[in-house]
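Here's the letter readout for the chains.
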Amino acid sequence: MTDWLGKPYYSLDAYLKEKFGEKVYKLSLDGGMTCPNRDGTCGNRGCIFCSEGGSGDFAGDRRKSITEQIREQKALLRQKRPVHKFIAYFQAYTNTYAPAAYLEKIFREAILDDEVVVLSVGTRPDCLGEDVLSLLEELNLIKPVWIELGLQTMHEKTAQYIRRGYPLSCFEEAVKELHRRKIPIVVHTILGLPGEGTEEVFQTMQYLNSLPVSGIKLQLLHVLKNTDLAAEYAAGKFEVLDQDTYLTLVIDCLLRLRPDLVIHRVTGDGPGELLIAPKWSQAKRTVLNELHHRMKEENARQGGLWRRNQKL
């Protein structure tokens with residue numbers, strides 16, 4: 001049986017300690033970009049759930065250089081613990097939505113830091129042109145590069161509702177091109193999207209099992225202030241998941257996911273000043289402890305219901 005540092009799933013922490021021999025911490029950076037779903041290219045209001053910070057509410061100050069952001073975030077982390085290795089995570093908005101020359105400048109600035117061991121780039125599959133792909137392939141030969149793609153769901157009806165702004169075929173093409181260049185792919189999914197039940201969520205998990213992706217984020221749907229989703233929630237058009245229902249869904253997803261997939265996230269903690277619901281998600285440590293307790297009690301492990309070439 002696989003040992004994932006005592007956890008019942010292949011956590012990012014376990015993967016990093018296995019690869020780098022110690023705990024590695026993320027530096028959330030802001031590269032100063034926007035998003036085609038905000039600047040009018042394919043929309044101007046963003047995804048329905050996305051805050052004004054473009055999912056980068058915990059990222060550094062875009063008015064500062066990447067070097068300054070890295071230095072400041074290192075200092076904050078080291079106030080609490082000794083830290084030696086870092087992931088440079090470009091998180092805010094769409095981090096390949098700029099000319100390749102600019103991307104090369106900021107990405108190289110990040111990986112030139114001796115303590116940065118991984119470059120992680122959050123982006124959209126419709127923002128990966130040939131020049132950007134070639135740059136990422138080149139950088140991946142210097143230090144590991146991860147590309148994080150915001151799929152959220154495989155279902156086109158839900159994708160249209162949340163204003164994702166691209167079809168599933170675009171995601172599949174991006175995965176194919178990144179895999180061809182040996183660049184690891186991490187996929188973001190959201191659990192609890194309006195209109196989706198457990199079967200739709202399981203179909204997304206099974207779909208990702210069939211693709212050459214290396215990691216997945218299971219993100220709880222957050223309702224944040226000043227988003228269109230907040231207006232839908234206030235109008236009573238959907239309900240958020242309670243903690244027990246969410247944990248049951250996460251466990252059921254983990255049981256169905258390939259055991260080699262690295263689980264980068266199993267919940268989320270939106271910024272307290274913006275979070276409308278669910279409020280229970282703010283107690284992240286409590287949620288994680290309950291998840292691990294329940295999986296131990298139920299003898300549940302990642303991949304427990306997964307079988308190669310078997311549909312669930």
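Now for a look at the structure at hand. Note that the coordinates shown come from a computational prediction; the quantities given were computed from them, not determined experimentally. (Residues numbered from 1 in each chain as written. Predicted model: local features only at pLDDT ≥ 70, side-chain atom pairs only at ≥ 80, totals over all residues. Heavy atoms only, no water.)

Turning our eyes to something else, we now look at the overall build of the protein. Of the regular secondary structure elements, the protein holds 10 helices and nine strands. Taking 2.2 N^0.38 as the reference for a compact globule, 312 residues should give roughly 20 Å; the C-alpha atoms of the protein span a radius of gyration of 19 Å, in line with that estimate. Considered along the principal axes of its C-alpha atoms, the protein spans approximately 45 × 45 × 40 Å. Each of the 312 residues in the protein was classed as buried or not, and the buried ones make up 55%. Here the contacts in the protein between residues at least 6 apart in sequence split such that 81% fall between residues at least 24 apart. Averaging the locations of the 42 positively and 41 negatively charged side chains of the protein gives two centres separated by 3 Å. (Helix = DSSP H or I, 4+ residues; strand = E, 2+ residues; numbered from the N terminus. Rg over C-alpha atoms; globule rule 2.2 N^0.38 Å. Buried < 20%, exposed > 50% of the residue type's maximum accessible area, 1.4 Å probe, protein only. Contact = heavy atoms within 4.5 Å. Lys, Arg positive; Asp, Glu negative; His and termini not counted. Charge placed at Lys NZ, Arg CZ, Asp CG, Glu CD.)

Here the focus is the sheet that holds strand β2 (residues 86-90). Judged by pairing direction, the sheet is parallel, and its seven strands sit side by side in the order β1-β2-β3-β4-β5-β6-β8 without closing on themselves. Strands at the two margins of the open sheet, each flanked by one partner only, are β1 (25-29) and β8 (262-265). In this sheet, adjacent strand axes meet at a mean angle of 25° when their direction is disregarded. Pairing geometry for strand β4 (residues 145-152) and strand β5 (residues 185-191), over five bridges, is parallel. Residue Gly-150 lies in a different strand from β5, and its bridge partner there is His-188. Against the sheet, helix α7 (residues 198-209) contacts β4, β5 and β6 (215-220), and its axis sits at roughly 175° relative to β5. Along the sheet, helix α9 (residues 243-256) contacts β5, β6 and β8; its crossing angle with β6, the most-contacted strand, is approximately 165°. (Pairing = 2+ DSSP bridges. Axes fitted to C-alpha atoms, helices over the stretch in contact; angles between N-to-C directions.)

Looking now at the state of the cysteines. Think of a disulfide as a covalent bridge from one cysteine sulfur atom to another cysteine sulfur atom. Within the structure shown, the criterion is met by zero disulfides. Take Cys-35: it sits in no disulfide, and the sulfur closest to it among the cysteines is that of Cys-42, at 6.3 Å. Free cysteine Cys-47: the closest other cysteine sulfur is in Cys-50, separated by 6.1 Å. Given a relative accessible area of 15%, Cys-47 falls into the buried group. (Disulfide = S-S within 2.5 Å.)

Glancing now at the layout of surface pockets. The volume enclosed by the second largest pocket comes to roughly 200 Å³. Taken together, 16 residues make up the lining of the second largest pocket; nearest its centre are Gly-192, Glu-196, Gly-197, Leu-241 and Leu-249. Residue assignment for the lining of the second largest pocket shows that the elements contributing at least two residues are α7 and α9. Per-element accounting of the lining of the second largest pocket gives the leading share, four residues, to α9. (1 Å grid on protein atoms, 1.4 Å probe; cavity = no way out; pocket = protein on both sides within 12 Å on 5 of 7 lines; lining within 4 Å. Points joined across faces, edges and corners; volume = space filled by probe spheres on them.)

On to the pairing of β6. Note on strand geometry: in a regular strand, side chains alternate between the two faces of the sheet. Where burial is concerned, most of β6 is hidden: six out of the six residues are buried. In β6, alternate side chains face the same way, and those of Gly-215, Lys-217 and Gln-219 on one face and Ile-216, Leu-218 and Leu-220 on the other are all buried. For the crossover from β5 across α7 to β6, the handedness is right-handed. Note: β6 against β8, three bridges, orientation parallel. Bridging from a neighbouring strand, Lys-217 pairs with Arg-265 of β8. (Right-handed = clockwise from strand over helix to strand, strands pointing away.)

So, on to unusual backbone geometry. Across the junction of Ala-277 and Pro-278, the peptide omega takes the value -5°, indicating a cis bond. Along the chain, Pro-278 falls in the loop between β9 (275-277) and α10 (284-297). With phi around 65°, Asn-226 is a residue other than glycine that occupies positive phi space. The backbone of Asn-299 sits at a positive phi, close to 55°, despite the residue not being glycine. Take Asn-299: it is sitting in the segment after α10.

What follows is about helix α2 (residues 66-78). With 13 residues, α2 extends 18 Å from end C-alpha to end C-alpha; this agrees with the ideal 18 Å at 1.5 Å per step. For α2, the set of buried residues is Ile-66, Gln-69, Ile-70, Gln-73, Lys-74 and Leu-77. Buried residues in α2, looked at end-on, bunch into an arc of 130°, giving them a common side. The exposed residues of α2 that point more than 90 degrees off its buried face are Arg-71 and Leu-76. (Expected span 1.5 Å × (residues − 1). Arc of directions from axis to C-beta.)

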